[in-house]
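# Close look at the chain arrangement
Below, each chain spelled out in residue letters.
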Amino acid sequence: MTLRVYNTLGRKKEIFEPIEAGKVRMYVCGPTVYDSCHIGHARSVVVFDVIVRYLEAAGYAVTYVRNFTDVDDKIIKRASEMGIGTAQLAEKFIAEFYRDMDALNIRRATVEPRATEHIDAIVQVIERLFEKDLAYVVDGDVYFSVTDFADYGKLSGRKLEDMEAGARVDVDDRKRNPFDFALWKSAKPGEPSWKSPWGRGRPGWHIECSAMSGVFLGESFDIHGGGKDLIFPHHENEIAQSEGAFGKPFAKYWIHNGFVNINQEKMSKSLGNFLMIRDVLESYHPESVRLFLLSNHYRSPIDFSDRAMDESTTALDKIYALMERFEEISAAENSGALWNSFREAMDDDFNTARGIGIVFDAVRNLNRLLDENLVPASEPELRSAKADLLKIGDILGILQEAPKQYFEKKKSRGLEKSAVDPETIEKLIAERLAARKSKNWARADEIRDFLAGHNIVLEDRPEGTVWKIKE
RNA sequence: GGCGGCAUAGCCAAGUGGUAAGGCAGCGGUCUGCAAAACCGUUAUUCUCCGGUUCAAAUCCGGAUGCCGCCUCCA
C-alpha cells in the first residue's frame, strides 16, 4: 500500500517517501499561549494526532514535535493587562491546553518545546543568516531580507512584485522591503528579554520554529504541518529562514488543515463567536467532537453547529451500540478486510471522511449478521471485524471506552437534567413488565409514555428491557 | 489589487476518466401486544451553468455565476 499526501508545496498529492526509510520526522505549529483554545485549535491538533497515529500504525517510527509559542506581542500585552508575568501567563494557558487536549484524548507529542527554552538556538540561526547576508539590523531589531532569498514565495505561490502591487502592508521605512520580517525584536522597558549580539530582546515569531525544528529534527525533515492560515506568512518565512541559514531543503511535505466555521460564519473577534473547547465539552462527549472533526476531509472547511454535533453523537452511539452487541465475542488477533479498506482510505491523503463511511458500512453489515443469528457460522468474520473496529478506533481516537461504561455515563449525564432517578426508572420498568405479563397494555404504555416525557426511551430486548437517554 | 479554494439529494458528505460511498432526516416494510433498537427497500437518469477534449467526464481543459479563505494577529 502506498500513502499519498497532499503537499501544499506543489499543490498536489504526492507519494509519501520519508527522507530516512521507516522514520518520519514531523513538526506542527502549536498554539501561542495567551488565551484558551477554541474548536479550531482542536481541529488542527486532532487532525495531526490522527496523522501521527496512522503513520505509526503504518509502521513508521515517528518523531513528532509540537511547540508552544510562549513569548510574543500578544502574550506581553495580555500579561500586562492581567498584571502577571509573561511566563506565568504562558504557564496558565499551557496547563489549559493540556486539560483540553487530554480531554479530547490527544496523545502528547514526542517533544513539546517552548520558544523561551531555545533562545540560544534561535540566536545561532540568526547568526547564520547574517553570515549569508540575509539579515540586517535596524535600531536593535533584526530583519530578514526577503529580496535576498530567491525562493521567497514558493510555498504560498506569491511573487513579491505582485504583493507589493496589492499594497496592503503597513509601511515601515526602516525595512528594506515591506515583506521583510523581524527575526529579533529589541526589548522595550519592562518586556521579557534575552541577551543577544544585537542587544537585549526577544525572538520574532517565525524564527523559533526554524530553530527548534533544527534542534529536534535536523535541518531537513519530512512533514511540517499547521492551519491553512499559517501558509503565509508564517511558513513561507520559516522556509526562508531555514533554507537561507542551512542551505538545504527544509520540510519535504507541507500539510495544512482547513478552518472550523460556526454556523457558517468564520470565528472572529468582531462576531464574538469564538467557541472554546471546554464549552463544547460541556455539551458533547469528547469522542463525538473527534468524530465530528474527522467527518470532513482535513483540508476542507467544516461547519460547527448543534445539528452537526447531534448527528455525530448519534453516529457515535450507533457504533458503540454495535460494540455492545458484540461484547461476548472476542476480537481476532490479526487485522482483516475492514482494516484494509480503512487503510486504503487513509492512504489517500488521510481521508478520514471516507474511512468513517467504511466504518458505517461495516456497522450495518455486522448488525445484519447479528440479527440473522448466524453467530456460530459467522464468528470468524465478527471476531475479525471487532478487532478491526477497535484498531480503527485507536487511529481516530474513538471507542476508547467499554460500551457499557459509555452508555452508563451517558445515562448519568442525561439524568442530571432529569426529574427522575434511576431507582424510579427501574421500579417503573418492573411495574411495566408486570403489566405486560398480565396484558395490561394501557398501563404498560402509560409508563413508557411517562418516561418518554422525561427524555427516557425504553428498548424491550429479548434479554430484558433497557432504558436510554433520548437525544 | 494579488494569490488560492470550493460548488454532489431536504441537510452533512466521499468520490483516484469507466457509468453516483456513507451518515442524518423522510417514507414503505420485517420484527414487536404497540413501540424502541436493528435490518430490508425507497429518496440525485445525475453532480451550479455554458462550451471543449475523449469511445467514455462529477472527475481533464476553457469560460460564466455564486460562495469562501489568505495577503494584518489567527488553527
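The structure displayed is predicted, hence computed values, not measured ones.

What counts, and at which threshold
- Residues numbered from 1 in each chain as written.
- Chains lettered and ligands numbered in written order.
- Predicted model: local features only at pLDDT ≥ 70, side-chain atom pairs only at ≥ 80, totals over all residues.
- Heavy atoms only, no water.
- Phe/Tyr/Trp six-rings, centres within 6.5 Å; stacked < 30°, edge-to-face > 60°.
- Helix = DSSP H or I, 4+ residues; strand = E, 2+ residues; numbered from the N terminus.
- Buried < 20%, exposed > 50% of the residue type's maximum accessible area, 1.4 Å probe, protein only.
- Lys NZ or Arg CZ within 6 Å of the ring centre and 35° of its normal.
- Core = buried A, V, L, I, M, F, W, Y, C linked by side-chain atoms within 4.5 Å.
- Domains from an automatic or database assignment.
- Polar contact = N/O pair within 3.5 Å; in protein donor to acceptor, adjacent residues only side chain to side chain.
- Near = heavy atom within 4 Å.
- Nonpolar A, V, L, I, M, F, W, Y, C, P; charged D, E, K, R; others polar.
- Contact = heavy atoms within 4.5 Å.
- Buried area = accessible area lost by both parts, 1.4 Å probe.
- Salt bridge = Lys/Arg side-chain N within 4 Å of Asp/Glu carboxyl O.
- Arc of directions from axis to C-beta.

### Things to note about the packing of aromatic side chains
Counted under the stated rule, the structure contains 20 aromatic pairs. Between the aromatic rings of phenylalanine 16 and tyrosine 253, the centroid separation amounts to 4.9 Å while the plane-to-plane angle is 45°, which identifies the pairing as tilted. You can see phenylalanine 16 sitting in the loop between β2 (12–15) and β3 (23–28) and its partner tyrosine 253 sitting in strand β10 (residues 251–257), a full 237 residues away along the chain. Comparing phenylalanine 16 with tyrosine 253, the two get one shared label, buried. The interplanar angle of 90° and the centroid separation of 5.1 Å between the aromatic rings of phenylalanine 68 and phenylalanine 97 together place this pair among those described as edge-to-face. Taken as a pair, phenylalanine 68 in the loop between β4 (61–66) and α2 (73–82) and phenylalanine 97 in helix α3 (residues 86–103) lie far apart in primary sequence, 29 residues in all. With respect to burial, phenylalanine 68 and phenylalanine 97 carry one shared label: buried. Connected via pairs of aromatic rings, a cluster forms that spans Tyr27, Phe221, Phe250 and Trp254. In this structure, arginine 299 packs its charged tip against the face of tyrosine 6, placed 3.8 Å from the ring centre.

### Things to note about the nonpolar core
Core analysis: the biggest nonpolar cluster contains 90 residues, and Met26, Ile39, Leu55 and Phe350 have the highest contact counts within it. No other element matches helix α1 (residues 39–57), which puts eleven residues into this core. Counting contributing residues, this core receives three or more from each of domain 1 (4–261) and domain 2 (306–469). Among the nonpolar cores identified, the runner-up in size contains 41 residues, and Ala121, Phe149, Cys209 and Ala245 belong to it.

### Regarding the side chain of asparagine 257
Of note, asparagine 257 is situated in strand β10. A polar atom in the side chain of asparagine 257 sits 3.4 Å from the backbone nitrogen of glycine 227.

### Side note on the protein's contact with RNA strand B
As a matter of local geometry, RNA strand B sits amid 51 residues, with Trp205, Gly227, Lys266, Arg368 and Arg448 nearest to it. Atoms of RNA strand B within 4 Å of the protein belong to the sugar or the phosphate in 61% of instances, the rest to bases. Valine 260 is positioned with one of its backbone polar atoms (N or O) 2.8 Å from a base nitrogen of RNA strand B. The backbone of aspartate 460 places a nitrogen or oxygen atom 3.1 Å from a base nitrogen of RNA strand B. Looking at the surface near RNA strand B, the elements that each hand over two or more residues are α1, α5 (160–166), β9 (221–227), α10 (306–325), α12 (352–371), α15 (422–437), α16 (441–453) and β14 (456–461). In terms of residue class, the surface near RNA strand B is built from twelve nonpolar, 17 polar and 22 charged.

### Here we look at the domain arrangement of chain A
The assigned domain composition of chain A is domain 1 (4–261) and domain 2 (306–469). A straight line from the C-alpha centre of domain 1 to that of domain 2 covers 43 Å. With 13 residues of domain 1 at the contact, the number on the domain 2 side is 13 residues. Contact between domain 1 and domain 2 buries roughly 1,200 Å² in total, counting both sides, with carbon and sulfur atoms accounting for 60%. Summed over the shared surface of domain 1 and domain 2, the result is two salt bridges. Residues lysine 13 and aspartate 348 are paired through a salt bridge, measuring 2.8 Å at the closest nitrogen-oxygen approach. Run the count over domain 1 and domain 2 and you get seven residue pairs in polar contact (both at pLDDT 80 or more).

### Overview of α2
Considered for burial, the residues of α2 that qualify are Ile75, Ile76 and Ala79. Down the axis of α2, the buried set is contained in an arc of 100°. They therefore lie on one face. Residues of α2 that are exposed and angled more than 90 degrees away from the buried face: Lys77 and Glu81. A distance of 3.0 Å separates the backbone nitrogen of lysine 74 from a side-chain oxygen at the start of α2, and that oxygen is part of aspartate 72. Positioned one or two residues after α2, glycine 83 has a phi angle of 70°, which is positive.

### Description of unusual backbone geometry
The peptide bond linking phenylalanine 232 to proline 233 adopts the cis configuration, its omega dihedral lying at 0°. Positionally, proline 233 belongs in helix α7 (residues 231–246). A positive phi angle is found at asparagine 263, which is not glycine, with a value near 45°. You can see asparagine 263 is positioned in the loop between β11 (260–262) and β12 (265–266). Despite not being glycine, phenylalanine 350 has its phi angle at roughly 55°, a positive value. Along the chain, phenylalanine 350 falls in the loop between α11 (337–347) and α12. Owing to a relative accessible area of 2%, phenylalanine 350 belongs among the buried residues under this scheme.

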